[in-house]
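Inside the fold
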Amino acid sequence: MKQDGTQEGEIKRGLKDRHISMIAMGGCIGTGLFMTSGGAIHDAGALGALLAYAIIGAMVFFLMTSLGEMATYLPVSGSFSTYATRFVDPSLGFALGWNYWFNWVITVAADVTIAAQVIQYWTPMAGMPAWVWSCIFLIIIFALNSLSVRVYGESEYWFALIKVVTVIIFIIVGLLTILGIMGGEFVGFDIFTQGEGPILGGNLGGSLLSILGVFLVAGFSFQGTELIGITAGESENPERAVPKAIKQVFWRILLFYILAIFIIGMLIPYNSSALMGGGDSIATSPFTLVFKNAGLAFAASFMNAVILTSVLSAGNSGMYASTRMLYSMSKDKLAFPSFGKTNKYGVPYLSLIATGVIVVIIFLVEKLSGDAYEYIVAASGMTGFIAWVGIAVSHFRFRRAFNRQHHNKKELKYKAKWFPFGPIFAGLLCIIVILGQDVDFIKTGDFDLNRFIITYMGIPVFLVFFIYHKLRYKTKMIPLEEVDLRQDISMDEVKHH
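The shown structure was predicted, so the numbers you read here are calculated from the model rather than taken from an experiment.

Quick word on the environment of Val112
- Along the chain, Val112 turns up in helix 5 (residues 90-119).
- The class for Val112 is buried, based on a relative accessible area of 2%.
- Once the C-alpha coordinates of Val112 and Ala314 are considered, the two residues, 202 residues apart in sequence, prove to be 9.6 Å apart.
- If sequence neighbours within four positions are ignored, Val112 has contacts with Ser134, Phe137, Leu138, Ile141 and Phe363.

Concerning a nonpolar patch on the surface
- The grouping of Tyr375, Phe441, Phe447, Leu449, Phe452 and Ile453 at the surface amounts to a nonpolar patch, some 530 Å² of accessible area in total.
- When residues in the nonpolar patch are grouped by element, the largest group, 3 residues, is from helix 20 (residues 449-456).
- Mapped onto the elements of the fold, Leu449 is located in helix 20.
- Residue Leu449 is classed as exposed on the basis of its relative accessible area, which comes to 52%.

Points about the pattern of salt bridges
- In this structure the tally under the stated criterion is 11 salt bridges.
- Taking the shortest distance from any N to any O, the salt bridge between Asp484 and Arg86 comes out at 3.6 Å. Pair noted here: Asp484 is in the loop between helix 21 (458-473) and helix 22 (491-495) and Arg86 is in helix 4 (residues 79-87), with a separation of 398 residues, a long-range link. Accessibility classification places Asp484 together with Arg86 in one group, the buried group.
- Its salt-bridge partner being Glu481, residue Arg404 comes within 2.5 Å of it at the nearest N-O pair. Of this pair, Arg404 sits in helix 17 (residues 383-404) while Glu481 sits in the loop between helix 21 and helix 22, and the two are 77 residues apart along the sequence.

Comments concerning unusual backbone geometry
- The omega torsion of the bond from Phe419 to Pro420 falls at 5°, within 30 degrees of zero and hence cis.
- The topology assignment puts Pro420 in the loop between helix 17 and helix 18 (421-435).
- Its identity as a non-glycine residue notwithstanding, His406 has a phi of 60°, on the positive side.
- In this fold, His406 is placed in the loop between helix 17 and helix 18.
- What makes His406 exposed here is its relative accessible area of 72%.

Here we look at the packing of aromatic side chains
- Under the defined criterion, the tally for this structure stands at 33 aromatic pairs.
- Ring geometry for Phe385 versus Trp388: centroids 5.6 Å apart, planes at 80°, classification edge-to-face. In this pair, Phe385 and Trp388 both sit in helix 17, 3 residues apart, roughly one turn of the helix.
- A relative accessible area of 0% means that Trp388 is categorised as buried.
- Each residue in the set Phe34, Phe170, Phe287, Phe291, Phe298 and Phe302 is aromatic and connected to the rest through ring pairs, giving one cluster.

How each quantity is defined
Residues numbered from 1 in each chain as written. Predicted model: local features only at pLDDT ≥ 70, side-chain atom pairs only at ≥ 80, totals over all residues. Heavy atoms only, no water. Helix = DSSP H or I, 4+ residues; strand = E, 2+ residues; numbered from the N terminus. Buried < 20%, exposed > 50% of the residue type's maximum accessible area, 1.4 Å probe, protein only. Contact = heavy atoms within 4.5 Å. Patch = residues over 30% accessible without salt bridge, like charges linked within 9 Å, V, L, I, M, F, W, Y side chains within 5 Å. Areas by Shrake-Rupley, 256 points an atom, 1.4 Å probe, with all protein chains shown as cover. Salt bridge = Lys/Arg side-chain N within 4 Å of Asp/Glu carboxyl O. Phe/Tyr/Trp six-rings, centres within 6.5 Å; stacked < 30°, edge-to-face > 60°.

See the structure below:
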């Protein structure tokens, strides 16, 4: 027993309510909003992009309420693999956990590479080589995660605060520009309605496919929101902090995404050549363009600093999420037990070291073989959406087992909205997005085998993990009557129940 009352080998509940809230507020604000939102408007028009982000935003909200209900009932670190293992099938938990870990490991490797590219905006090629910057950022991320979880929470709090403040400033500047207060005249809906061509596209099918294409962009932008569930296991008071954070998801989506995209659509024509390259350069970020149009000369440097913060935040969260998922799987007997060991700060240090080593290996593969790296990235491409389907299925099964075993809903500290519509809607929409990944083939009918493999590679990788565990351990879907809903036991006890 440690001095704080936790057992040896356990993580510590060191995240305060403000940490959880700000991680929720800033969790999905990143390059998806700052950079690729412009490309979404170009592809589907302002109204089409708005509809796509609103629909995906609603899906994410329902997913988070599902996750919130389970996370307050059973707050564990690395939550969804545990929920799938307990409420559905251990093989599903195994496949979800390892795929999610793999996805975040690749994300960290990509983020340290992107961070080096971003910083070279100020220090061009004459400065330090990009790989040196990448190593520096990786060391910083590793260091932040090797200390107590409170250090991680504090760093994410300030990273997220910078992003939140930036979006608020952008919205204020954008609204003042629309009203003609910051230079120019009052902007009507002329620019916004120029996008009618792309959304209605001459035919209904074309407009729906354009919106489907934006679903992918919007979905990737929102990924990371599920970190709320992982942090629940280290929250000081998950029953209070998690519902509070979940409620903020709705307002965050409404304010940060919907309003920001509305402002971009009002001020920048959908067919602007700058929006076409929205993901390629800081200068063509729609945020930079709007700030520049408002007369703010330092816009590019300011947005570059914010994007650097976003990338480091994503890498920091990725290292945290992958480490905790490996720790959780070790506790659920889905990974080596040694990965469950923690140091005096409550950090699963062997999981952290193993994750860090794999990040370095993937980073080296990227530098030495671009083709191999492309396939590695493709293998994790749909992991976020697959994890979301896992959350929806786990919650649906959890609530059905809860009712089948005659539990009282008053036992739930937080109740998901609109059950069973929420998980069914979210799960089905995720499946549609997964199957519709190759929009170019659906639109044109031109089949490209290499593109098809890279696009859908994440599905067979997930199935390999699932089938391997299923064949080795002969697991079956847990009958609703046998789903273990006890809150105060370890997974080891569940295995022998």
